[in-house]
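# Close look at the chain arrangement
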Amino acid sequence: MDDSTLAVLEYGKIKAIVARWVQTGPGRAALAAVKPSSDAVAAQRLLDETEEMRAAFGGRGLPLAQVATLSDLLRQAREAGLLEPDELASLATTVRAAEGARRTLLDAAGGAAAALAGSGVPRSDAGNGDGHGDARAPSAGEGARSAAANLPRLLDLARRIPVLPGLASSIEEAIGPDGAVRDDASPELAEIRWRIADAEAAILSSLAAILREPEVAKVLRNDRPSIRNGRYVLAVRTDARTAVPGVILDRSQTEKTVFIEPHAIVAPGNDLDDLRAEERREVFRILRELTRSCLEQELELLRVEDALAAVDLASARARWAVAWGLVAPRLDPPESPLELRDARHPLLIAQAEDGRLPSGTVTPIDVRLGESFDVLLITGPNTGGKTVALKTVGILAALAQSGFPIPAAAGSRLPIYERIFTDIGDEQSLEQSLSTFSSHIARLVPILEKAGPRDLVLIDELGSGTDPAEGTALGIAIVEAVLDRGTRALVTTHLGRLKALAFERARIENAACEFDPRSLRPTYRLLLGQAGASQAFRICERLGLPARVLERAREIGDADGLAGQGAEVEAIAELRLVAEARLADADRVRAEVEERLAEAAGERERLAARERILDAEADRDIDERFAVIEREVDVGCRALLTAPAPYADRARDLARKVAELLERSPFGERRRAFARCLSPGETVWVIPLGRRGTVVKVNRAKERLAVQMDGLRTQVPFRDVSWVEPASS
């Protein structure tokens, strides 16, 4: 995708918006280099990175503010052979930030794996999955490997970050938090600085003795020693400079003060200078060694910078997606259909956020292309947003192929186009002495020569800038040529004759930028399958064109047959608005009916549940009453079994008849039917034993069950089992 196309689509302005969420210099450089890719795998990988980063961190992002541009530091190291202490400290901080980012990414992947494990999803417990054995990354083992199927792109980003703890440690051991070389950076430096401290103490002691001398004290400007050119001096009045024998090293700007190094400390001062020179040589050696260590690991450090740039950019894309509610579209092969749902132009969203557009005025559009038609002809009034629709499709395609989420609804899908050709804008080319029409043709020539089935063409105001009749003829020929090349195209036009192409040629469809004839304002919606009117007279009337001019224009239009066309289009628009209002009413009524049906279904379910509870309570009550009757009859008859005849026989007959009556009752029949339908493995309540058991075998011929209870197996008749357990149990 060439730079001129990206400039027309204002691609750079969108990247400037994304830059608000970029934290580092390398990230900004990486963003500046981003361009749409025709490599579907690369574009999908970036989209996946964005989605995984959003899933893992939401709108927080990763803390990367302390990252330096390592390539700049390494270039300076190669050119100068030495990095200053603060530069080395910045390099070490960046290495530590890289380690932190790596741990954070691996922790996020491990956390996702732990959540999956808690939900019962199978996971692998293999060893370290990052390949580096980083002791600082506790989640780099089973967590990273088990999450690989769920956050694979974050794991890839983590693995791209080299681990250089030795380099960072060596710098941190030599350079303090204040950016100065530590005393213990080497034994030699520690010894030198100890001797420097002793030498300074001796000099200050000598100066203190001099300051106590009465003749000296009364000529001093300051009762404390000063430092000039690295040497200790006393500030003395110029008119009394002979009172302090020594070397004058400096004078004040007013010439009223001289700075004298007393003779007593000249030799110790020379010794101190020598020690400081030794210190500088040792510090230089330490810095040179550290710089050499950095250059020895230059490739790894550059990999750190590239990886951090990728992490920063993925984090920025995710934070932008969260802030704006963006979605990742589905990316398809170039010949696949395009479908955008509720698509909005990013620059319009930014203007609404900044207050340059009223809130809620960015109207989303739905666009389809490539399924039942390959060329979409968009018509409508000048103020209706035809060009915006064209640019929205182009910029969203470019963003998706750059790995950016887009402002559209879920379910949107975009082909991976090899190229996007544009003819948008009517500026005259002064440098090439081209008119508006010539500029259009200059942009159309390469489209007609190069565009193919894997490309997208966007043409704005086709046929404009010349005689309408000739422009119409050229427009038809150009659309047919684009169609014959198998190229997908969105074309805007005012020429009424072009609207008829959708009825004359296959694979062409009309779309209208909606205009409300009642409010005389555009709605900015894109209506597929309809042709729009230019609404020139109505717009001119609203903008204040003199009435006499408009009346004369209408007269001319009537004579040319234009009025009838406009009235017909307006009538269709009016009917569509009425139909949509009625459809909205119908949708509202349907929603109310569905809500009431849902409430009724819920009430039915509550009544059914209550009925089931009442049935269970009734069954339990009958079962308990049957048990009481059987128990009372059994106890009463058992007492009569030892009585003389005929009372014992009558007792036995009574017990048998009661059992038969109970068994033949409707409830007894229900028990038998229940038992007859049982299968091995089902649970029943054994009435005589007052316990639950598991059915082992069903003998329907003899109406008996084999039931297992606590390891014991027993035979019970059908009449002795139930499906309800007494409440008293």
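Residues numbered from 1 in each chain as written. Predicted model: local features only at pLDDT ≥ 70, side-chain atom pairs only at ≥ 80, totals over all residues. Heavy atoms only, no water.

Further remarks concern the overall build of the protein. Along its length, the protein carries 24 helices and 19 strands. A burial count over the protein gives 42% of its 729 residues as buried. Within the protein, counting contacts between residues at least 6 apart in sequence, those at least 24 apart form 68% of the total. As displayed, the protein offers around 37100 Å² of accessible surface, 53% of which is attributable to carbon and sulfur atoms. (Helix = DSSP H or I, 4+ residues; strand = E, 2+ residues; numbered from the N terminus. Buried < 20%, exposed > 50% of the residue type's maximum accessible area, 1.4 Å probe, protein only. Contact = heavy atoms within 4.5 Å. Areas by Shrake-Rupley, 256 points an atom, 1.4 Å probe, with all protein chains shown as cover.)

Another aspect to go through is the sheet that holds strand β4 (residues 257-262). The antiparallel open sheet is built from 4 strands, whose spatial order is β1-β2-β4-β3. At either margin of the open sheet sits one strand with a lone partner, and together these are β1 (226-228) and β3 (246-251). Strand after strand, the sheet turns through a mean of 50° between neighbouring axes, direction not considered. As judged from the 5 bridges shared by β3 and β4, these two strands associate in the antiparallel manner. (Pairing = 2+ DSSP bridges. Axes fitted to C-alpha atoms, helices over the stretch in contact; angles between N-to-C directions.)

Strand order in the open sheet formed by 5 strands is β18-β17-β16-β15-β19, and the pairing between neighbours is antiparallel. If you trace the sheet from one side to the other, it starts and ends with β18 (712-717) and β19 (721-722), each paired once. Where strand β15 (residues 683-686) lies against strand β16 (residues 691-699), 4 bridges are found, and the strand directions are antiparallel. Bridged to Val 686 within β16 is Arg 691.

The next thing to look at is the environment of Arg 20. With respect to the helices and strands, the residue Arg 20 is situated in the loop between α2 (11-18) and α3 (25-33). On a C-alpha basis, the gap between Arg 20 and Arg 319 in space is 9.7 Å, while along the polypeptide they are 299 residues apart.

Turning our attention to the pairing of β15. Two successive antiparallel strands, β15 and β16, enclose a turn made up of 4 residues, where Gly 690 displays a positive phi of approximately 65°. Pairing analysis gives 2 bridges linking β15 to β19, with the strands arranged antiparallel. Note that in β19 the partner of Val 686 across the bridge is Val 721.

Bringing helix α15 (residues 386-400) into the picture now. Compared with an ideal rise of 1.5 Å per residue, which puts 15 residues at 21 Å, α15 spans 22 Å between its outermost C-alpha atoms and is within 8% of the ideal. Taken across its 15 residues, α15 has 13 buried, putting it largely inside the fold. (Expected span 1.5 Å × (residues − 1).)

This part takes up a nonpolar patch on the surface. The grouping of Val 589, Val 593 and Leu 597 at the surface amounts to a nonpolar patch, some 250 Å² of accessible area in total. If you trace the backbone, Val 589 turns up in helix α22 (residues 562-640). (Patch = residues over 30% accessible without salt bridge, like charges linked within 9 Å, V, L, I, M, F, W, Y side chains within 5 Å. Salt bridge = Lys/Arg side-chain N within 4 Å of Asp/Glu carboxyl O.)

Chain-level statistics for the protein give a pLDDT mean of 81 and a share of 77% at 70 or above. Every residue in residues 113-149 scores below 50 in pLDDT, and together they form 59 contacts with partners more than four places removed in sequence or on other chains. (pLDDT = per-residue confidence, 0-100.)

What follows deals with the packing of aromatic side chains. Scanning all chains against the criterion turns up 2 aromatic pairs. Arranged with centres 6.1 Å apart and planes meeting at 80°, the rings of Trp 320 and Phe 404 form a pair that is edge-to-face. Here Phe 404 lies in the loop between α15 and β9 (413-415) and Trp 320 lies in helix α13 (residues 298-324), a separation of 84 residues in the sequence. You'll find Trp 320 and Phe 404 in the same group, each marked buried. Pairwise contacts between aromatic rings join Trp 320, Trp 324 and Phe 404 into one cluster. The lysine or arginine in question, Arg 228, covers the ring of Phe 259, its NZ or CZ lying 4.0 Å from the ring centre. (Phe/Tyr/Trp six-rings, centres within 6.5 Å; stacked < 30°, edge-to-face > 60°. Lys NZ or Arg CZ within 6 Å of the ring centre and 35° of its normal.)

With that settled, consider the pairing of strand β2 (residues 231-237). Counting buried positions over the 7 residues of β2 gives 6, a clear majority of the element. Hairpin connection between β1 and β2: a loop of 2 residues separates the two successive antiparallel strands, and Asn 229 in this loop has a positive phi of roughly 55°.

Enumeration over the complete set of coordinates arrives at 43 salt bridges. A salt bridge links Asp 72 to Arg 75; its shortest N-O distance comes to 2.9 Å. Of the two residues, Asp 72 and Arg 75 both sit in helix α5 (residues 70-80), 3 residues apart, roughly one turn of that helix. When its relative accessible area of 36% is taken as the criterion, Asp 72 is described as partly exposed. Where salt bridges share partners, they join Glu 10, Lys 13 and Lys 391 into one cluster.

Take the packing of α5 against α13 next. Where α5 contacts α13, the two axes come as close as 9 Å, and the packing angle between them is 155°. One way to sum up the angle between α5 and α13 is to call them roughly antiparallel. On the side of α5, the interface is formed by Leu 70, Ser 71, Leu 74 and Arg 78, while α13 contributes Glu 298, Leu 301, Leu 302, Val 304 and Glu 305. Across the contact of α5 with α13, the residue classes tally to 5 nonpolar, 1 polar and 3 charged. (Parallel < 35°, antiparallel > 145°, perpendicular 65-115°, else oblique. Nonpolar A, V, L, I, M, F, W, Y, C, P; charged D, E, K, R; others polar.)

The phi dihedral of Glu 10 falls on the positive side, at around 60°, and the residue is not glycine. Phi at Glu 461 is positive, roughly 55°, even though this residue is not glycine. Relative to the helices and strands, Glu 461 is located in the loop between β11 (455-459) and α17 (468-484). Classification of Glu 461 as buried rests on a relative accessible area of 18%.

The next point concerns the environment of Arg 193. Inspection of the secondary structure puts Arg 193 in helix α10 (residues 187-211). By relative accessible area, which is 18% here, Arg 193 ends up buried. For the pair Arg 193 and Leu 275, spaced 82 residues apart in sequence, the C-alpha to C-alpha distance is 8.1 Å.

To continue, consider the side chain of Thr 472. Along the polypeptide, Thr 472 turns up in helix α17. Take Thr 472: its relative accessible area is 12%, and that puts it in the buried class. Filtering out sequence-adjacent residues up to four positions away, Thr 472 remains in contact with Leu 495, Arg 497 and Leu 498.

The next subject is the side chain of Glu 298. The topology assignment puts Glu 298 in helix α13. A relative accessible area of 18% means that Glu 298 is categorised as buried. When sequence neighbours within four positions are dropped, the list of residues in contact with Glu 298 reads Leu 74 and Arg 78.

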